[in-house]
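Tertiary structure, described
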Amino acid sequence: MILVLRALGVGDLAAGVPALRALRAAYPDEELALVAPRWLSPLIDLVGGVDRLVEADGLGHLRWPGPPPELAVNLHGRGPQSHRMLAGVGPRRLLAFANHEAGHEDGPPWRADEHEVDRWCRMLAWYGIPADRGDLALARPVAGGLPAGVSVVHPGAKASQRRWPPERFAAVARTLAGRGHRVVVTGNPGERGIAEEVARRAGLPDDAVLAGQTGLGELATLVAHARLVLSGDTGIGHLATAYATPSVLLFGPVSPAHWGPPPGRPCHEALWVGPRPAGDGTAVHTALAELDVPAVLAAIDRVTRASARAAPPAQPAPSAVLWAEAAP
């Protein structure tokens, strides 16, 4: 039994896909259980290779009824809290970043300035488990009754400083609609108000607002069959990367070097004008506020042209590896 902790959100799970697949490949005959929030189940099913979900909405005591796992893997953080959560179930071995406070000296050092995908690939490589940081694709669901070929505008984000102004999203949406795009506006139930504002300002019909009407699985399906995705630094951008759907992502305050699409994929573009001084956390960050509508439309033109030129993506060889550090 392999127990893996990644009790976070959509983008976090998507960024952990290469590491999860590396563990699956390294231990093909072992049951792999993922500790994660239950609401992520539709996306976990699209990752593949996970045999069981152990429900957890964050860190704390883990209810574990079975025997101690052979291996526990911390893909959640650097510890000590996450280390202790896994150590509490008594695994024979823990793979994690070194953390003296948690009593875990075995493992590579944490690096703050590192892309989230690379971080976990590097950690596993330290233990002799190779991972391919480009292995980000998710299984493509059937479109079913959801619209296909739409341009998805997603104006919401968890933190207010990561939300580009709705009037600018609306200006882009209005231009896209004028170019013949079928634009839909997505978000969670709490973001329906901002979605309706964007649609109203853009002159979109009422049925263009899908915020609060799509579960996670439906959102993934919508993105998988979309023409374009425009969003801030939030989970839907990772879905666009996973499905090679052309995307323009607006970053601030965090650099896309930490959470953006991987390099070398011209149909995905992350815009960022940082670093900029930190704000008070209650208004849009200055690095994001400096992005204007013409810059976003120009990026949309670039990713659209790149997508039109792109050949069908080649499937990576099973042995493709990015990180190959030897354990010290």
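Below is a short write-up of the structure. (Residues numbered from 1 in each chain as written. Predicted model: local features only at pLDDT ≥ 70, side-chain atom pairs only at ≥ 80, totals over all residues. Heavy atoms only, no water.)

Considerations on the overall build of the chain
Secondary structure assignment for the chain yields twelve helices and ten strands. In terms of C-alpha radius of gyration, the chain reaches 20 Å, essentially the compact-globule figure of 20 Å for 328 residues. In the chain, buried positions account for 53% of the 328 residues. Relative to all contacts within the chain whose residues are 6 or more apart in sequence, the contacts with residues 24 or more apart total 60%. Of the roughly 14400 Å² of accessible surface on the chain, 53% is carried by carbon and sulfur atoms. Charged side chains in the chain number 31 positive and 32 negative. The centres of these two groups are separated by 4 Å. (Helix = DSSP H or I, 4+ residues; strand = E, 2+ residues; numbered from the N terminus. Rg over C-alpha atoms; globule rule 2.2 N^0.38 Å. Buried < 20%, exposed > 50% of the residue type's maximum accessible area, 1.4 Å probe, protein only. Contact = heavy atoms within 4.5 Å. Areas by Shrake-Rupley, 256 points an atom, 1.4 Å probe, with all protein chains shown as cover. Lys, Arg positive; Asp, Glu negative; His and termini not counted. Charge placed at Lys NZ, Arg CZ, Asp CG, Glu CD.)

Quick notes on the sheet that holds strand S1 (residues 2-5)
Strand order in the open sheet formed by five strands is S3-S2-S1-S4-S5, and the pairing between neighbours is parallel. The open sheet has two edge strands, strand S3 (52-55) and strand S5 (93-95), and neither has a second partner. Geometrically, the sheet is characterised by an average inter-axis angle of 20 degrees between neighbouring strands, direction not taken into account. One ladder, built from four bridges, connects strand S2 (residues 32-36) with S3; its direction is parallel. Bridging across to S3, Val35 finds its partner in Val54. (Pairing = 2+ DSSP bridges. Axes fitted to C-alpha atoms, helices over the stretch in contact; angles between N-to-C directions.)

Quick look at the packing of helix H2 (residues 17-26) against helix H5 (residues 116-126)
Axis separation between H2 and H5 bottoms out at 8 Å; the angle between their running directions is 25 degrees. As the angle between them shows, H2 and H5 are arranged roughly parallel. Of H5, the residues touching H2 (which contributes Pro18, Ala19, Ala22 and Leu23) are Val117, Trp120, Cys121 and Leu124. Here the residues of the contact of H2 with H5 are counted per class, giving eight nonpolar, no polar and no charged. (Parallel < 35°, antiparallel > 145°, perpendicular 65-115°, else oblique. Nonpolar A, V, L, I, M, F, W, Y, C, P; charged D, E, K, R; others polar.)

Observations concerning unusual backbone geometry
Cis geometry marks the peptide bond from Gly79 to Pro80; its omega dihedral reads 10 degrees. Checked against the element boundaries, Pro80 lands in the loop between strand S4 (71-74) and helix H4 (81-87). Here the residue pair Gly252 and Pro253 is connected by a cis peptide bond, since its omega of 5 degrees sits within 30 degrees of zero. The topology assignment puts Pro253 in the loop between strand S9 (247-250) and helix H10 (256-259).

Notes on helix H9 (residues 235-242)
Buried residues dominate H9, accounting for eight of its eight residues. Burial in H9 covers these residues: Gly235, Ile236, Gly237, His238, Leu239, Ala240, Thr241 and Ala242. Among the residues trailing H9, Ala244 stands out with phi positive, at a value near 55 degrees.

Here's the deal with the pattern of salt bridges
Applying the stated rule across the entire model yields 15 salt bridges. Close ionic contact of Arg21 with Asp135 constitutes a salt bridge, the shortest N to O distance being 2.9 Å. On the criterion of sequence distance, the pair formed by Arg21 in helix H2 and Asp135 in the loop between H5 and strand S6 (151-154) is long-range, its members being 114 residues apart. A relative accessible area of 23% means that Asp135 is categorised as partly exposed. A salt bridge links Arg24 to Asp51; the nearest nitrogen and oxygen atoms lie 2.9 Å apart. (Salt bridge = Lys/Arg side-chain N within 4 Å of Asp/Glu carboxyl O.)

Re the pairing of S4
Burial along S4 is two-sided: Leu71 and Val73 and Ala72 and Asn74, pointing in opposite directions, are all buried. The sheet contact formed by S1 and S4 spans four bridges and is parallel. By the bridge assignment for S4, Val4 is matched with Val73.

Examining the packing of helix H8 (residues 216-224) against H9
Running from N to C, H8 and H9 cross one another at 50 degrees; their axes reach a closest spacing of 9 Å. For the element pair H8 / H9, the angle class is oblique. As H8 packs across H9, the resulting crossing turns out to be right-handed. For the pair H8 and H9, the contacting residues are Leu219, Ala220 and Val223 in the first and Ile236, Leu239 and Ala240 in the second. Looking at side-chain class alone, the contact of H8 with H9 contains six nonpolar, no polar and no charged residues. (Left-handed = near helix turned anticlockwise from the far one by under 90°.)

Here's the deal with the packing of aromatic side chains
Under the criterion given, the structure shown has five aromatic pairs. Ring centres of Phe97 and Trp110 lie 5.1 Å apart, and the angle between their planes is 75 degrees; this geometry places the pair in the edge-to-face category. Here Trp110 lies in the loop between S5 and H5 and Phe97 lies in the loop between S5 and H5, a separation of 13 residues in the sequence. Phe97 gets classed as buried once you look at its relative accessible area, which sits at 0%. Its relative accessible area of 26% is what places Trp110 among the partly exposed residues. Of the aromatic side chains, those joined through ring pairs into one cluster are Phe97, Trp110 and Trp120. (Phe/Tyr/Trp six-rings, centres within 6.5 Å; stacked < 30°, edge-to-face > 60°.)

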